[in-house]
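A structural walkthrough
Now for the letters of each chain:
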There are 2 protein chains.
Amino acid sequence: IEEGDGAGIGRLLEGLHPADIADLIEQLNSEQQEKLARIAPDVLTGDVLANLQWDTREVVAAELDPAHLAAAIQELDSDDATLLIEELDDALRQQVLAEVPEENRAALESSLSFDEETAGRLMQREFVAAPDFWTVGHTIDHMRAAGDELPELFFDVYVVNTGFEPVGAVPVSRLMRSRRDVKLADIMEEVRIRIEPDTDQEDVAYYFEKYHLISAPVVDASGRLSGMLTVDDMVEVIQEENKEDLLALAGVNEAGLTDTVFESVKSRAPWLLVNLGTAVLASGVIALFDAAITQLVALAVLMPIVASMGGNAGTQSLAVAVRAISSRDLTSANARRVIIREMLTGTFNGLIFAVVMGVVAGLWFQNWALAAVIAIAMVINLACAGLAGILVPMGLKRFGADPAVSSSVFVTTVTDVVGFFAFLGLAAMVLL
Amino acid sequence: IEEGDGAGIGRLLEGLHPADIADLIEQLNSEQQEKLARIAPDVLTGDVLANLQWDTREVVAAELDPAHLAAAIQELDSDDATLLIEELDDALRQQVLAEVPEENRAALESSLSFDEETAGRLMQREFVAAPDFWTVGHTIDHMRAAGDELPELFFDVYVVNTGFEPVGAVPVSRLMRSRRDVKLADIMEEVRIRIEPDTDQEDVAYYFEKYHLISAPVVDASGRLSGMLTVDDMVEVIQEENKEDLLALAGVNEAGLTDTVFESVKSRAPWLLVNLGTAVLASGVIALFDAAITQLVALAVLMPIVASMGGNAGTQSLAVAVRAISSRDLTSANARRVIIREMLTGTFNGLIFAVVMGVVAGLWFQNWALAAVIAIAMVINLACAGLAGILVPMGLKRFGADPAVSSSVFVTTVTDVVGFFAFLGLAAMVLL
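Heads up: these notes are all about the structure in this document. (Residues numbered from 1 in each chain as written. Chains lettered and ligands numbered in written order. Predicted model: local features only at pLDDT ≥ 70, side-chain atom pairs only at ≥ 80, totals over all residues. Heavy atoms only, no water.)

1. Examining the relation of the copies chain B and chain A
As a reminder of what qualifies: Each copy is superposed on the other by least squares, with the fit set by C-alpha atoms of residues at a pLDDT of at least 70 in both.
Turning chain B through 180° and shifting it by 0.0 Å along the axis lays it on chain A, with an RMSD of 0.1 Å. Put plainly, the chains are arranged around a two-fold axis. When each C-alpha of chain B is compared by its distance to the rotation axis, B:Thr294 comes out closest, at 2.6 Å.

2. What to know about the packing of helix H15 (residues 231–250) of chain A against helix H18 (residues 298–326) of chain B
The condition that has to hold: The axes are straight lines fitted to the C-alpha atoms, using for helices just the contacting stretch, and the angles between their N-to-C directions are given from 0 to 180°. Each helix is a run of DSSP H or I of at least 4 residues and each strand a run of E of at least 2, with the numbering of both proceeding from the N terminus. Every angle not falling under 35 degrees, over 145, or within 65 to 115 is termed oblique; those three ranges are roughly parallel, roughly antiparallel and roughly perpendicular. Take the far helix as your reference; a near helix turned counterclockwise from it by less than a right angle gives a left-handed crossing, and one turned clockwise gives a right-handed crossing. Contacts were defined at the residue level, with two residues in contact if any of their heavy atoms lie within 4.5 Å. Side-chain classes are defined by residue name, with Ala, Val, Leu, Ile, Met, Phe, Trp, Tyr, Cys and Pro counting as nonpolar, Asp, Glu, Lys and Arg as charged, and the others, Gly among them, as polar.
Contact geometry for H15(A) and H18(B): axes closest at 8 Å, N-to-C directions at 160°. Put simply, H15(A) runs roughly antiparallel to H18(B). Considering how the two elements wind past one another, H15(A) and H18(B) form a crossing that is right-handed. Between H15(A) and H18(B), the contacting residues are A:Gln239, A:Asn242, A:Lys243, A:Leu246, A:Leu247 and A:Ala250 on the first element and B:Thr315, B:Gln316, B:Ala319, B:Val320 and B:Arg323 on the second. A breakdown of the residues in the contact of H15(A) with H18(B) according to their chemical character gives five nonpolar, four polar and two charged.

3. A short note on unusual backbone geometry
Stated precisely, the cut-off is as follows: A simple rule labels every residue: compare its accessible area, found with a 1.4 Å probe on the protein chains alone, to the largest value its type can have, and call it buried under 20%, exposed over 50%, or partly exposed in between.
Residue A:Arg328 is not a glycine yet carries a positive backbone phi of 60°. Position of A:Arg328 relative to the elements: it lies in the loop between helix H18 (298–326) and helix H19 (332–365). Take A:Arg328: its relative accessible area is 31%, and that puts it in the partly exposed class. The phi dihedral of B:Phe164 is positive, around 60°, even though this residue is not glycine. Summarising the element assignment, B:Phe164 is placed in the loop between strand E2 (156–160) and strand E3 (166–171). When its relative accessible area of 28% is taken as the criterion, B:Phe164 is described as partly exposed.

4. Brief notes about the interface of chain B and chain A
You'll often see interface size given as the accessible area lost when the parts meet. Defined as follows: Accessible-area loss on putting two parts together, using a 1.4 Å probe and summing over both, is the definition of buried area adopted here. Salt bridge, as used here: a side-chain nitrogen of Lys or Arg that lies within 4 Å of a carboxyl oxygen of Asp or Glu. Any N or O atom pair separated by 3.5 Å or less is treated as a polar contact, with the protein-specific requirement of one donor-capable and one acceptor-capable atom, and with residues adjacent in sequence counted only for side-chain atom pairs.
At the junction of the two partners, chain B supplies 117 residues and chain A supplies 118 residues. At the boundary of chain B with chain A, total buried surface from both sides reaches about 10,500 Å², with 64% on carbon and sulfur atoms. Viewed at the interface, chain A and chain B are joined by six salt bridges. A salt bridge links A:Arg268 to B:Glu342; its shortest N-O distance comes to 2.7 Å. The interface formed by chain B and chain A holds 36 residue pairs in polar contact (both at pLDDT 80 or more) in total.

5. Some words on H18(A)
Each α-helix turn comprises 3.6 residues. Residues three or four places apart therefore point the same way. All names here are of chain A. Selection rule: One less than the residue count of a helix, multiplied by 1.5 Å, gives the span that helix is expected to have.
Given a rise of 1.5 Å per residue, 29 residues ought to cover 42 Å, and the 43 Å separating the end C-alpha atoms of H18 matches this to within 8%. Counting buried positions along H18 gives 27 out of 29 residues, so the element sits mostly inside the fold. Immediately downstream of H18, the backbone of Arg 328 shows phi near 60°, a positive value.

6. Section: the nonpolar core
Put simply, the rule is: The set of buried Ala, Val, Leu, Ile, Met, Phe, Trp, Tyr and Cys residues whose side-chain atoms join them within 4.5 Å is what this entry labels a nonpolar core.
Counting 86 residues, the largest nonpolar core has A:Ile293, A:Phe423, B:Ile293 and B:Phe423 as the members making the most contacts within it. If sequence neighbours within four positions are ignored, B:Phe423 has contacts with B:Leu299, B:Leu302, B:Met303, B:Val306, B:Leu370, B:Val373, B:Ile374 and B:Ala377. Counting residues in hydrophobic clusters, the runner-up holds 47 residues, among them A:Tyr158, A:Val182, B:Leu175 and B:Met228.

7. A closer look at the sheet that holds strand E1 (residues 129–131) of chain B
Residues and elements named next belong to chain B. Worth spelling out the cut-off: Strand pairing is defined by DSSP finding a minimum of two bridges between the two strands.
Taken in spatial order, the four strands make up an open sheet running E1-E2-E3-E4, and their pairing is mixed. Both outer strands of the open sheet, E1 and strand E4 (189–190), are each paired with one neighbouring strand and no more. Relative to E3, E2 runs antiparallel, the two being bridged by five bridges. Following the sheet pairing, Asp 156 is matched in E3 by Pro 171.

8. A closer look at the pattern of salt bridges
Taken as a whole, this structure holds 18 salt bridges over all chains when the rule is applied. Two residues, B:Asp20 and A:Lys210, come together in a salt bridge whose shortest N-O distance is 2.6 Å. Residue B:Asp20 is located in helix H2 (residues 18–27), and its partner A:Lys210 is located in helix H14 (residues 201–210); the two belong to separate chains. Given a relative accessible area of 17%, B:Asp20 falls into the buried group. A relative accessible area of 16% places A:Lys210 in the buried class. B:Asp181 serves as the salt-bridge partner of B:Arg179, at 3.1 Å between the closest nitrogen and oxygen. With respect to burial, B:Arg179 and B:Asp181 carry one shared label: exposed. A cluster of three or more residues bridged by salt bridges with shared partners is formed by A:Asp20, A:Asp23 and B:Lys210.

Keep in mind these values describe shape, not function.
So, in structure tokens, the structure goes:
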């Protein structure tokens, strides 16, 4: 099918949901995606483009005519339009903007003026607002008359005061079941959170999750209602932030499934280089004790076990901490308690595996002094692992860095260095 | 404040959003939480309880009177009520259910009859349905008359046929802006997905995300509309599933921030035990080459570097794969391409770091044969790491297991064993 029949592809995809079409396109490799954009551009409507992942969108957008892109963008609500245009490269973006009529262009440019990953980029400029003295009946009649000026879909009517500041929100379902003569002020819910356009998207997603919001008003610097955010965009933000955390913990900078080998190497090599540095550092610790190893080769056999157990315990503690920080459960109020718990957890696990590993080492090498050394080193390393696992992300957070990025490198450096030093150092003192 | 003044606490928390009250309670340690439940049970309304995390809820529920719990549960919509009651222990649950009036009890018991983590547990039994021949005006009048029987909040009116099967959905905002004489059938959106009560919550969350749903109807075995799911519950499901993935990759079974040390040890020790087993296995590989190490102690110094780089590269590849599987981007259609990419990425990174590490080792030990050995071992191990990182989670998935759980243990076992074997084996052949 990919062999040139653009009209055939159009017929095949007819009747499918844009999200399903986008899914199918993502299964193709990038050459096929480029070819599709050339032979069947009409398949790539605004809705389909909005459903593609950013990396795929980049591939097909490069092949599309700026006029086609401009038309696709105008089909969409302003938040999706912004999403689409922000990822184009500068030259192409200018070309596309030039094709968009004046008034829409100004709105798009103002959205683009906000930083990436802020509420300003995500917000939709179409919203429904009503003064607080209006009645339910008046509001409904007004909306029905407004028709096409209203957003495609909305969930709350924002109630504004005379300064156009949002003071409350009435869910549409409540509007619908209230009597026509009830005043909006009597059925509205108070607006608790002021979201400004420069609020970080992670904070916004947190409010949505915490207060079970479906939509929220955005206000400008003077407090006037200027846009709205909806929960479907937040679901994407939450997924994106979770993905970033998971990949960052594993040492991957940014990844899409259609990345080429070159892009994958580029996103992973920097962290491998950092890891190489810390691995060489840990090797330096081993080199300090090369005489001991020559005398007792069992030390070389056993030392990776201490380091590996420490690395694992540290990663466990780190994952719990990163998760707790990103869900805002770990705060200064309970930090002390959690730190102590992590250290004790590490110590207890250390004691358990000190016994197990002591017995294994003693039986294996028939050397009970060596068994005692590995047991003690295990306790020391797992206690340090627990501490490092919680203190490193908390420290990064305090210095304004992302606690997920780079923390696992620091933690494994600690557990490798402490593990080798404790085990080999004790062995050199006790056994030789 | 915690020292006994229940009424004072009540006054302090007055006017706060239930989610904020729940947040404050979560900052307390479990003894304080228990005390709070005893001295100020009235603070713990249904809404506050529903906002607590499950581990905190367990703590306070144990201290509350069954009659209080039963009253709290009846304040809530049926989905939140189910959530609350499912986590009580069996004896307490029976006591609470006994306090709930007959008709509500039957509904709760039927929700509890579905498996955990399915749509049946999450769904709400209150929903709004209308036959397809009704007009907008008739529907609105009917809803206004129904009043309290309607759910607290709803976003779509489901359109049903004569068999009470959902055939479409009309967003409330569209209902509101359409003329009163328009038929529902003309403005409804087709229902694409049939969610049954035993559908896994992960699948449900995926549909919500993919189709940007705000609510979705649930049908029983005969296809009749029996409940609805809303996006706010899905946000929680998404967070929970992401948390599970991240913790599983780090080898933690289940974790809450208020866990005691004992609970933390219990959730982490099993994976540390597995890791110990694999670490001993890797040590066994080293022991095969103890003669070589005694002759050339530089081998002991350098060998952890090869293993560590492999472990890191494997973890990177694994994180990308687990993420792609859970977002359904990695399917059988593109598996081949992704596997090849991961292997090539590993190989290229291996080549880069082979050169870097070869130079470092050569300069450090002034031994260029040793440098060549570590370089070759690095390429072999990083290529295997890339392959293991993608094949292990795909294999687990194929056998019906969760690709996040236990995969990192398998991957690091591969990279440790291959790393030590390639490096020490080559060294024994070439250098000695």
